[in-house]
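Residue-level structural notes
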Amino acid sequence: MGSDLSIERPAFHFPCLVAGAPVSRDERILVRFPFTGEVIGSVPKLGEEDVLRALASASSGPPRPSRHERSQILLRAAARIEAEAEAAARLITWESGLCLKDTRHEVQRALDVLRFAAYEALRDDGQCLAFDVSANGKPRRGYTLREPLGLVTAITPFNHPLNQVAHKVAPSVASGGAMVLKPSEKTPLSALYLASVLHESGLPPGMLSVVTGDPAEIGRALVTHPAVELVSFTGGVEVGKRIAGMLGYRRAVLELGGNDPLIVLDDADLDEAVRLAVHGCYRNSGQRCTAVKRLIVSERVADELAARLVAASAEVRVGDPRDPSTDMGTVISEAAARQLEAAAEDTLARGARLLFGNERRGALYGPTVMDHVPRDAPSVQRETFGPHAPILRVRDIDEAIAVANGTSYGLSAGVCTNDLRHVHRLVRELRCGTVNVREVPGYRSELSPFGGIKDSGLGIKEGVVEAMRAMTHVKLYTVPWE
């Protein structure tokens, strides 16, 4: 795309891709490296008319490659990105401020998405149905097949600039449909890189367009255009609910974040619980919908867990995200870091105790451990998108379940216990989309169903298999059988 992904002083000035063709504009959106604030690239600032043209082009009916051809396109793209994995990771680091340990892992996850989608493109999940199964039946056979929707639009957030995009685009390609994607204006470069790789791997031009611009100017067209049959959105609750209000008679997959607990009961292995807390609270700078946002801990083990967590948090190396030894880079911007700092100060003013952290330098904001956090504090009632580790003490499993369910979110939960009776209760009674036993809330395969309920989503899942189902419809046909 006209830029060397491996250079140390980058200049990633990418065009948009509309029906496979590059589109540029004089007016550009600047992309900054959060660690220093320097401009490291730019993308075109498209307007509503540009987006309408992209939607019209996509809805005109792209050529639909065979299952084999779609699979091969995805596998070629995966091979290309694997060969450029280090450069791709550095691209994500430059635009997001995430450390290389995190972005290297993200590239590997995106490779899984592409390959799993390639395998699913080959799977025929149709059914054969007999119709002579009742007195009212006839000697006929029915068959089902899945056909792609006419047009899907996708809107992705900043926190996983490559993998979130792959989770929208790869299932669309595997299904044989058309998509118009708008990545976050904060981190658009990885999305355009992925799109260019797919087109260079043989993707027909009409199957994917990537548009960039101000969401306030181009967002409505992506949701309300009459040709759009599905809107796939990952982002905040407020924007997701605004989208829901504009949907009309069309499908939506809305993944709206989480307030995920890690529940630590009396019998938990505390070494394991602390390891999961550090991973869950601080990985990706805490900027994950499935990050641990609340540590719900039995009061009988809370003192020991808190002490161990402070010691482990002090070992997390925060700094230049380009340094391979850094454990945690920046959050997305200095403004976001200031919000995290203010949220911690508010929580402390409400009676919580600061055990470690709440230190900020520019967009760097380090691990922050707070204990005796009030359950009604806004920082644990709403989604705090950063490396906070707030400890909420509970008496028993009944109170743990009540506190875990006591917010408007319902995405996922992690559970630390060895008592099978407690495991069964937690799986049954926690109101969320995923429960992971002795694992972080966010653990999953890229194939497995993913999504939440309540303010975390409509219960419609993502993950490669579920996303392909959402992007297709089932057609039934019957034939005589005698």
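Every chain is numbered independently, its residues counted from 1 as its sequence is written. In keeping with the model being predicted, local features are shown solely for residues with a pLDDT of at least 70 and side-chain atom pairs are shown and tallied solely at 80 or more, while totals for entire chains, interfaces and linings include all residues. In computing side-chain values, all of the structure's heavy atoms are included and hydrogens and water are not.

Only DSSP runs of H or I reaching four residues or more are called helices, and only runs of E reaching two or more are called strands; each is numbered from the N terminus. In terms of regular secondary structure, the protein chain is built from 15 helices and 24 strands. We compute the radius of gyration over the C-alpha atoms and compare it with the globule rule, which gives 2.2 Å times the number of residues raised to the power 0.38. Here the protein chain has a C-alpha radius of gyration of 23 Å; the compact-globule value for 482 residues is 23 Å, and the two agree. In terms of principal-axis extent, the alpha carbons of the protein chain reach across some 70 × 65 × 40 Å. Out of the 482 residues in the protein chain, the part that is buried amounts to 56%. Areas reported here follow the Shrake-Rupley algorithm with a probe of radius 1.4 Å; residue values treat only the protein chains shown as occluding. For the protein chain, the computed accessible surface area is about 19200 Å², with 51% contributed by carbon and sulfur atoms. For every residue, the accessible area (1.4 Å probe, protein chains only) is compared with the maximum for its type, and the residue is labelled buried under 20%, exposed over 50%, or partly exposed between those bounds.

Relative to the assigned elements, Ser42 resides in strand β5 (residues 39–44). A relative accessible area of 3% places Ser42 in the buried class.

To continue, consider the state of the cysteines. A pair of sulfur atoms, both from cysteines and within 2.5 Å, is called a disulfide here. Summed over all chains, the structure comprises zero disulfides. Looking at Cys289, it has no disulfide partner, and the nearest cysteine sulfur is the one in Cys432, 13 Å off. As a non-bridged cysteine, Cys416 has Cys281 as the owner of its nearest cysteine sulfur, 11 Å distant.

A separate point is the packing of aromatic side chains. Aromatic pairing here means that ring centres of Phe, Tyr or Trp (its six-membered ring) are within 6.5 Å. Orientation follows from the plane angle: under 30 degrees is stacked, over 60 is edge-to-face, and everything else is tilted. Going through the model one piece at a time under the given rule, you end up with five aromatic pairs. With a centroid separation of 6.0 Å and 55° between ring planes, the pair formed by Phe33 and Phe35 is classed as tilted. Overall, the relative accessible area of 24% leaves Phe35 in the partly exposed class. Here the aromatic rings of Phe33 and Trp94 are separated by 4.8 Å at their centres, their planes lie at 65°, and the arrangement is edge-to-face. Taken together, the residues span a long stretch of sequence, with Phe33 in the loop between β4 (28–32) and β5 and Trp94 in helix α3 (residues 85–96) at a distance of 61 residues. The residues Phe33 and Trp94 share a single accessibility class, namely buried. An aromatic cluster of three or more residues is present, and its members are Phe33, Phe35 and Trp94. The lysine or arginine in question, Arg444, covers the ring of Phe450, its NZ or CZ lying 3.8 Å from the ring centre. The rule for a charge over a ring is simple: NZ of Lys or CZ of Arg within 6 Å of the ring centre, and within 35 degrees of the ring normal.

Another aspect to go through is empty space enclosed by the protein. In this analysis a 1.4 Å probe is tested at points of a 1 Å grid over the protein atoms alone, and where it fits but cannot get out there is a cavity; an open set with protein on both sides within 12 Å along at least five of seven lines is a pocket; lining residues have an atom within 4 Å of a point. Grid points are joined across faces, edges and corners, and a volume is the space filled by probe spheres set on the points. Scanning the entire structure with this criterion turns up four cavities of 30 Å³ or more. What the largest cavity holds in volume is close to 90 Å³. Around the largest cavity, the lining is made up of 16 residues, and of these Pro261, Arg294, Ala404, Tyr409 and Cys432 lie nearest the centre. Of all the secondary-structure elements, those providing two or more residues to the lining of the largest cavity are β13 (260–264), β20 (409–410) and β21 (412–416). Among the residues forming the lining of the largest cavity, the class breakdown is seven nonpolar, five polar and four charged. Charged residues are taken to be Asp, Glu, Lys and Arg, nonpolar residues to be Ala, Val, Leu, Ile, Met, Phe, Trp, Tyr, Cys and Pro, and polar residues to be all remaining types, Gly included.

A few words now on the packing of helix α13 (residues 397–404) against helix α14 (residues 420–429). Here α13 crosses α14 at 25°, and the two axes come no closer than 11 Å. Of the possible angle classes, the one that applies to α13 and α14 is roughly parallel. In terms of crossing hand, the pair formed by α13 and α14 is right-handed. Of the residues in α14, those in contact with Ile397, Asp398 and Ile401 of α13 are His422, Arg425, Leu426 and Glu429. Its residues assigned to classes, the contact of α13 with α14 comprises three nonpolar, one polar and three charged. Between N-to-C directions, angles cover 0 to 180 degrees, with each direction set by a line fitted to C-alpha atoms, over the stretch in contact for helices. Should an angle fall under 35 degrees it is called roughly parallel, over 145 degrees roughly antiparallel, and 65 to 115 degrees roughly perpendicular, with every other angle called oblique. For any pair of crossing helices, the crossing counts as left-handed if the nearer helix is rotated counterclockwise from the farther one by less than a right angle, and right-handed if it is rotated clockwise. We call two residues contacting when some pair of their heavy atoms lies within 4.5 Å.

Now for the confidence of the model for the protein chain. Confidence of the predictor in every single residue is expressed as pLDDT, which spans 0 to 100. Residue-level pLDDT values for the protein chain average 95, and 98% of them are 70 or greater. Confidence over residues 1–7 falls short of pLDDT 50; this stretch has 18 contacts with residues more than four positions distant or in other chains.

On to the side chain of Thr368, then. Following the sequence through the fold, Thr368 ends up in strand β18 (residues 368–371). Take Thr368: its relative accessible area is 0%, and that puts it in the buried class. In this structure the side chain of Thr368 is engaged in a polar contact, spanning 2.8 Å, whose partner is the backbone nitrogen of Asn358. Setting aside its immediate chain neighbours within four residues, Thr368 contacts Tyr282, Leu354, Phe356, Gly357, Asn358, Pro387, His388 and Ala389. Residues adjacent in sequence count toward polar contacts only when both atoms are side-chain atoms; beyond that, a polar contact is any pair of N or O atoms within 3.5 Å, and within protein one must be able to donate a hydrogen and the other to accept it.

Whether two strands pair depends on DSSP finding at least two bridges between them. The three strands lie next to each other as β1-β5-β4, forming an open sheet whose pairing is mixed. The sheet is open, and its two borders are formed by β1 (12–13) and β4, each paired with just one other strand. Sheet topology places β4 next to β5; five bridges connect them, and they run antiparallel. By the bridge assignment, Val31 is partnered in β5 with Gly41. Relative to β4, α3 is tilted by about 100°, and along the sheet it contacts β1, β4 and β5.

Right, let's talk about the pairing of strand β19 (residues 388–394) for a bit. Most of β19 sits out of view: seven of its seven residues are buried. Of the two faces of β19, the one lined by His388, Pro390, Leu392 and Val394 and the one lined by Ala389, Ile391 and Arg393 are each fully buried. Relative to β19, strand β14 (residues 292–298) runs parallel, the two being bridged by four bridges. Note on β19: the bridge partner recorded for Ser298 is Val394. Looking at chain direction, β18 and β19 are connected through three bridges and run parallel. Residue Val369 lies in a different strand from β19, and its bridge partner there is Ala389.

What follows concerns the nonpolar core. Nonpolar cores are built from buried Ala, Val, Leu, Ile, Met, Phe, Trp, Tyr and Cys residues. Side-chain atoms within 4.5 Å join them into one set. In this structure, Leu74, Leu198 and Leu208 are the most contacted members of the largest nonpolar core, which totals 58 residues. Element by element, the count of residues in this core is highest for helix α4 (residues 100–121), at nine residues. Once residues within four sequence positions are removed from consideration, Leu74 is found in contact with Leu114, Ala117, Ala118, Ala170, Val173, Ala174 and Leu198. In this structure, Val331, Ala352, Ile397 and Ile401 belong to the second largest nonpolar core, which totals 29 residues.

Before going further, it helps to spend a moment on the layout of surface pockets. Taken as a whole, the largest pocket holds about 1400 Å³ of empty space. Phe158, Lys186, Gly235, Gly236 and Val239 are the residues nearest the centre of the largest pocket, which is lined by 46 residues in total. Where the lining of the largest pocket is concerned, the elements lending two or more residues are α7 (215–224), β11 (230–234), α8 (237–246), α11 (334–349) and α12 (378–381). Taken together, the residues of the lining of the largest pocket sort by class into 22 nonpolar, 14 polar and ten charged.

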